[in-house]
Amino acid sequence: MEGDITVTSSNRKCSAVTGSARKIKDNAADWHNLLLRWERLSEESFPIAGNIVNLRLNSSQSKQLQQQVDEPLLPSSAPLQPTGGAAELQDECCKLQDILNNMVVVVMKMERLMVSQRGVLDLEEFQFGPEGRKVPLFHSWTTKQFGDSFRVLLDAFRQELQLKQTILQELAHTVTSDLSLVYLSCWLHQPFIPPQTRMMLEALLLETGHRPL
Amino acid sequence: MSKPALLSLQQTLRKSFHNLENNQKIWTTVLSECSPLMESLGNLAEQLRALSNVQISNTPLRNFPDLEERLRFKLLQATDTVLGKLNDKMSALQSVRDAISNQVSAVFQLYEQNTDSLDLLTVTERSATNPSTADMLEWLQDAERYYRQQFLRRKTLLQTLRADDLSLLESTPKRWKSLESPGAEERITDTLCKVSFFMESQ
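Note that the coordinates shown come from a computational prediction; the quantities given were computed from them, not determined experimentally. (Residues numbered from 1 in each chain as written. Chains lettered and ligands numbered in written order. Predicted model: local features only at pLDDT ≥ 70, side-chain atom pairs only at ≥ 80, totals over all residues. Heavy atoms only, no water.)

Focus: the interface of chain A and chain B
Listed per partner, the contact involves 19 residues of chain A and 21 residues of chain B. Taking both partners together, chain A and chain B bury about 1,700 Å²; carbon and sulfur atoms supply 76% of that area. One can count zero salt bridges joining chain A with chain B. For the pair chain A and chain B, the number of links is six residue pairs in polar contact (both at pLDDT 80 or more). Looking at the side of chain A that touches chain B, the elements that each hand over two or more residues are α3 (143–171) and α4 (177–189) of chain A. The biggest single contributor to the side of chain A that touches chain B is α4 of chain A, with eight residues. Residue classes in the side of chain A that touches chain B are distributed as eleven nonpolar, six polar and two charged. (Contact = heavy atoms within 4.5 Å. Buried area = accessible area lost by both parts, 1.4 Å probe. Salt bridge = Lys/Arg side-chain N within 4 Å of Asp/Glu carboxyl O. Polar contact = N/O pair within 3.5 Å; in protein donor to acceptor, adjacent residues only side chain to side chain. Helix = DSSP H or I, 4+ residues; strand = E, 2+ residues; numbered from the N terminus. Nonpolar A, V, L, I, M, F, W, Y, C, P; charged D, E, K, R; others polar.)

Here is the structure:
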């Protein structure tokens, strides 16, 4: 299964002798798993976000209709509140919050991987000087390049998480269908995750030997 | 009255109807696969419209850098993907049209080569199980015309789409649906019914 960390005897370059190579290879596997987890959470969350928007828009529509019905006849009475809808809305919001909390954990783990990678780079600079080691640990990437890739991914997911958190706060309160749809679009299409994320991940896995060349 | 010419023509007619039957199924399948793609297209158009209607700087999303461009890019990218898939479906439809056209022109070519030996009486003769040759040729021609026109209309519709013309994109699913011609489809099915005994004979 993808992501399993098995030392392959076919790839001599990733020997367990050098701790740094082991660490980077593990980090790459972890990144892969975290990305998959994010994707699964995203997929789970989308229908819930859609529900929230529908419930909100329907309830505001029915309130408007109720007002239209009541006003000409009984101007002093308050419009009836659809209480069933409110409970369901609350429910869906809680579900979405839970998923978002899981996403926060994913990003936290990504940050930890970044810290670990920074550590590997620092060690290398200590051992070999500011230019790092002459011979790459794997096929061609320098240790710095690993860190740079991780940084790009981390920044993207951090930004995307922030966007989702903002949207979550607004979703249940937005009554204009256009803005609601924009929120849903953002949630689904994830504007801050670069389109080449999958490719970067594959490159990472190829480099570290998780995928055969 | 030349028997061999008639038999040869009938053989080719049978082949044509088998060809028509198979291709009708393929056409229907491919067309039904276009429906979810059209729905996606309409959906994406709706999202693009909503994005252009909203002033991001007036919303809680104002602090996210380049959000509008990034989202638009993603939506257009998704639109591109759907259009690519629709293009693939059009290729499949084109194959169906070509298969039918080629077969029908082959049968007509054979008929024209043998008009000396096939007089009016032979060509209009029908039996309980076999429609007349003239009728069968006409039905094949009608079917060929139908698929040719359908393909042309659908292809033209897709080719006029431009990513930056949002209202064209929005109206596409409806216009696509309006190209449906259940009456003509039914006539082809009827034709195949009428020639079913003929197809099985000899």
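Back to the write-up after that little detour.
A short note on the pattern of salt bridges
Any two side chains of opposite charge can pair, so long as their charged atoms come close to each other. With the rule as written, the count across this model stands at 18 salt bridges over all chains. Residue Arg198 of chain A pairs with Glu39 of chain A through a salt bridge whose shortest N-O separation is 3.2 Å. Highlighted residues: Arg198 of chain A in helix α5 (residues 197–207) and Glu39 of chain A in helix α1 (residues 19–73), separated in sequence by 159 residues. Taking relative accessible area as the criterion, Arg198 of chain A reaches 39% and is therefore assigned partly exposed. In this structure, Asp142 of chain B engages Arg145 of chain B in a salt bridge whose closest nitrogen and oxygen atoms are separated by 3.3 Å. Linking Asp142 of chain B with Arg145 of chain B, this pair stays in helix α4 (residues 133–159), spanning three residues, or about one helical turn. (Buried < 20%, exposed > 50% of the residue type's maximum accessible area, 1.4 Å probe, protein only.)

Side note on unusual backbone geometry
Most of the time, phi is negative for any residue but glycine, and the peptide bond is trans. Phi is positive for Gln190 of chain A, which is not a glycine, with a value near 50°. As for its placement among the helices and strands, Gln190 of chain A is situated in the loop between α4 and α5. Overall, Gln190 of chain A belongs to the buried group, its relative accessible area being 13%. The phi torsion at Asp66 of chain B lies on the positive side, around 50°, for a residue other than glycine. If you trace the backbone, Asp66 of chain B turns up in the loop between α1 (3–53) and α2 (67–113). Its relative accessible area of 44% is what places Asp66 of chain B among the partly exposed residues.

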